[in-house]
Amino acid sequence: MTMNETIEEYIVPILADLCHSVGISDPKIALEIPRKKEHGDLSSNVALTASKQTGTPPQQLAEKLAAGFPTDSDRVESVSVAGPGFLNFTLPGRYFHQLLKDIVTAPEGFGSSDEGGGARWLFEFVSANPTGPLNIVSARAASVGDTLVRIFRKRGFQADSEFYVNDGGGQVRKLGASVRARIKQIETGAETAEIPEGGYHGEYLVDVAQALIDENGLSGSAGLEDEEHVGRSAALKIRKNQEETLQRFGVTFDRWFFESELYDEENSQVTGAYNSLVERSKTYEKDGAVHFKASEFGDSEDRVIKTSKGTFTYVVPDIAYHLNKLGRGYVKAVDLLGPDHHGHIVQLRAALAAIGLPREFFHPIIVQQVNLKRGGVEVKMSKRAGVGITLDELIDEVGVDAARFFFLMRRITSHLDFDMELARRHTEDNPVYYVQYAHARICSILRQPGAKESDEDVDLSILTEGEETDLLRALARFPWTLASIVRGIEPHPLTSYLTELARGFHLFYSRHRVIGDDRRTTAARLMLCRGVAGVLSGGLRLMGVGAPEVM
RNA sequence: GCCCCCGUAGCUCAGCAGGAUAGAGCAACUGAUUCCUAAUCAGUAGGUCACGUGUUCGAAUCACGUCGGGGGUACCA
């Protein structure tokens, strides 16, 4: 319940009534913040979109609407018609002053809203296989997913985060075989291990093997008989490491969901998922395998879901998993998936459609690849081979704040160039520190002896300098930014917004002194500073980035 | 072959629930520090929004096509 939403809630109904009165039956009214401030504080293009329906030229229509809009309230100072027929609203100064007071009073709550209405959304992300350390794409997904969850919660959704641990099937056996080879290597003191075909070559498995020997008393000879047991132990160990790494990165999950849970007992959800396709006659047998008629549901061809050997293919437990999500009461399953999952998505979507789930339930998002660079030179990576940069190494090299901020700077679907050299640089061209520095600067001001003013009788109307009113307007954009993030399920606007807010502050700072001889000006500017600091730190916190008081 | 993402300033990218004169950072050039943190600020310059057609009063934004770049496409998970 911020002032911004109340202003929207105030304007839109009035505009809707006015539209009805001039014969527009079903007006689509969207308010936006114009890019240029000459265009007012808010604008609407209803007159443009609706002019066809009424047969009135847009400008004339806009004039009519503007004339009918009350401007004697506390909320709207004037309405003007501009350009091809935009309605531009100018809000009174006291609207922004009240907003600032609200922010300073309760900085935590600013930007919150109940637009989500408590809708239960599940965000699944990272979900890396428990076969090795987290890589850079996982790092990106972790930043994005974690930030989305925080923002959606702030906007009134009941949002949960989940990590799906792929601990079933042949992969664990493969892992077991690889670890077994490493155990053998350690015991025989050999230079190299004989990693089986298709196994995992990463050096990290030496540590895992050593840990298993140490902790579980698992020796090579004991483990040799049971590849699966070794694999399971190794997977648990690796998963634990992943969790610790994510914690370092500031990311925790509400739930770690194990694929193996889906197979429990006689009541296997995987078999259930399979059966629900069979029962709906969406399958047929061919060449000894069971095929799902995926091509009827948008896939390019039908897919095998049960092999001729009688095992399910990977899509089946995934179907079961999503049915499980639905069964837990979620209305939306947002899956952040790696760039190697396109085919997967189409299959899964087809299967969920075949079973009759609402189309909007499943919302996969491909987190695009990260091109890692160091000083402009590409760093190649391959998790399977165990070379390249892990999330742990990334944290060590560039730090959590810079890493998380950089991952959030681009659209999720864009390939991301990540230059570790640049991210680590504590200077000029690094946007992370630009934003953090603005916060630290404000904190520095607030530490000054002259900053001990009470908020009681602050008169904000003396904030009339351009830099001051610009800052007030920038603060007002914060809730709108969050709303657009929710609309797009895409967090990157937050980094742009905070960079702009920081720029506004740096400019203000360079031109005006906060603490001066005039008591009233000092008090008003101090409050402005507190508001900016509150929004900066609040915004950074949503991204899991720190807001240092000293730099 | 099929599927997905991308193509906007020299570079990295915003903008895309159609809308007003297409924006920012970096790089380049010029300038600013008696004063609350110069990790800062100001100014200059930089564009056929890949191309074509269509829809529209209006297209960077929507649709179709072409070209170019990247990724994905198992009876593995």
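Here the structure is a predicted model, which means the values were calculated and not measured. (Residues numbered from 1 in each chain as written. Chains lettered and ligands numbered in written order. Predicted model: local features only at pLDDT ≥ 70, side-chain atom pairs only at ≥ 80, totals over all residues. Heavy atoms only, no water.)

1. What about the domain arrangement of chain A?
Stated precisely, the cut-off is as follows: In this document the domain limits rely on a domain assignment from an automatic tool or a database. Throughout, a contact is declared for two residues whenever any of their heavy atoms are within 4.5 Å. Note on terms: buried area is the combined drop in 1.4 Å-probe accessible area of two parts once they are placed together, counting the loss on both. Basic side-chain nitrogens of Lys or Arg form a salt bridge, by our definition, when they fall within 4 Å of a carboxyl oxygen of Asp or Glu. Pairs of N or O atoms are called polar contacts if they sit within 3.5 Å, as long as, within protein, a hydrogen donor faces a hydrogen acceptor (for residues adjacent in sequence, only side-chain-to-side-chain pairs). The way it works is that DSSP assigns letters per residue, a run of H or I at least four long becomes a helix, a run of E at least two long becomes a strand, and they are numbered from the N terminus. Classification used: nonpolar for Ala, Val, Leu, Ile, Met, Phe, Trp, Tyr, Cys and Pro, charged for Asp, Glu, Lys and Arg, polar for all others including Gly.
By the assigned domains, chain A splits into domain 1 (3–91) and domain 2 (428–542). If you look at the interface, domain 1 gives nine residues, while domain 2 gives six residues. Approximately 660 Å² of surface area, both sides summed, lies buried where domain 1 meets domain 2, with 55% of it carried by carbon and sulfur atoms. At the boundary of domain 1 and domain 2, one finds two salt bridges. Between Arg473 and Asp41 there is a salt bridge whose closest N-O contact spans 2.6 Å. Where domain 1 packs against domain 2, one counts two residue pairs in polar contact (both at pLDDT 80 or more). Of all the secondary-structure elements, those providing two or more residues to the side of domain 1 that touches domain 2 are α1 (3–21) and β1 (31–32). Across the side of domain 1 that touches domain 2, the residue classes tally to four nonpolar, one polar and four charged.

2. Let's talk about the protein's contact with RNA strand B
Test applied: Summary of the distance rule: residues count as near a molecule or strand when at least one heavy atom falls within 4 Å of that molecule or strand.
Taken together, 62 residues sit near RNA strand B, with Phe86, Arg411, Tyr434, Tyr437 and Ser444 positioned nearest. Protein-proximal atoms of RNA strand B, defined as those within 4 Å of the protein, fall in sugar or phosphate at a share of 62%. Note that a phosphate oxygen of RNA strand B is positioned 3.1 Å from one of the side-chain N or O atoms of Lys36. Interatomic distance of 3.2 Å between a backbone N/O atom of Asp287 and a base nitrogen of RNA strand B. For the surface near RNA strand B, the secondary-structure elements that each account for two or more residues are α2 (46–54), β4 (86–90), α6 (170–188), α16 (431–446) and α19 (493–511). Of the residues in the surface near RNA strand B, the class split is 19 nonpolar, 25 polar and 18 charged.

3. A look at the sheet that holds strand β9 (residues 289–292)
Put simply, the test is: Two strands make a pair as long as DSSP finds a minimum of two bridges between them. Only the contacting stretch of a helix is used when fitting its axis, a line to C-alpha atoms as for every element, and angles between N-to-C directions run 0 to 180 degrees.
Sheet architecture is open: three strands sit in the order β8-β9-β10, paired in antiparallel fashion. Either end of the sheet is taken by a strand with one partner, and the two such strands are β8 (283–286) and β10 (303–306). Each strand of the sheet is rotated relative to its neighbour by a mean of 45 degrees, with strand direction disregarded. Where β8 meets β9, four bridges bridge the pair, whose relative direction is antiparallel. Bridging from a neighbouring strand, Lys286 pairs with Ala289 of β9.

4. Remarks on the packing of helix α18 (residues 478–488) against α19
Applicable threshold: Geometric relationships in this document are graded by angle, where less than 35 degrees denotes roughly parallel, more than 145 denotes roughly antiparallel, 65 to 115 denotes roughly perpendicular, and other angles denote oblique. Helix crossings fall into two classes, left-handed where the near helix is turned counterclockwise from the far one by less than a right angle and right-handed where it is turned clockwise.
Their axes nearest at 9 Å, the elements α18 and α19 cross at an angle of 165 degrees. Between α18 and α19, the angle is such that the two are roughly antiparallel. When the axes of α18 and α19 are compared, the crossing they make is right-handed. Contacts between α18 and α19 involve Phe478, Thr481, Leu482, Ser484 and Ile485 on the former and, on the latter, Pro493, Leu494 and Tyr497. Split into classes, the residues belonging to the contact of α18 with α19 amount to six nonpolar, two polar and no charged.

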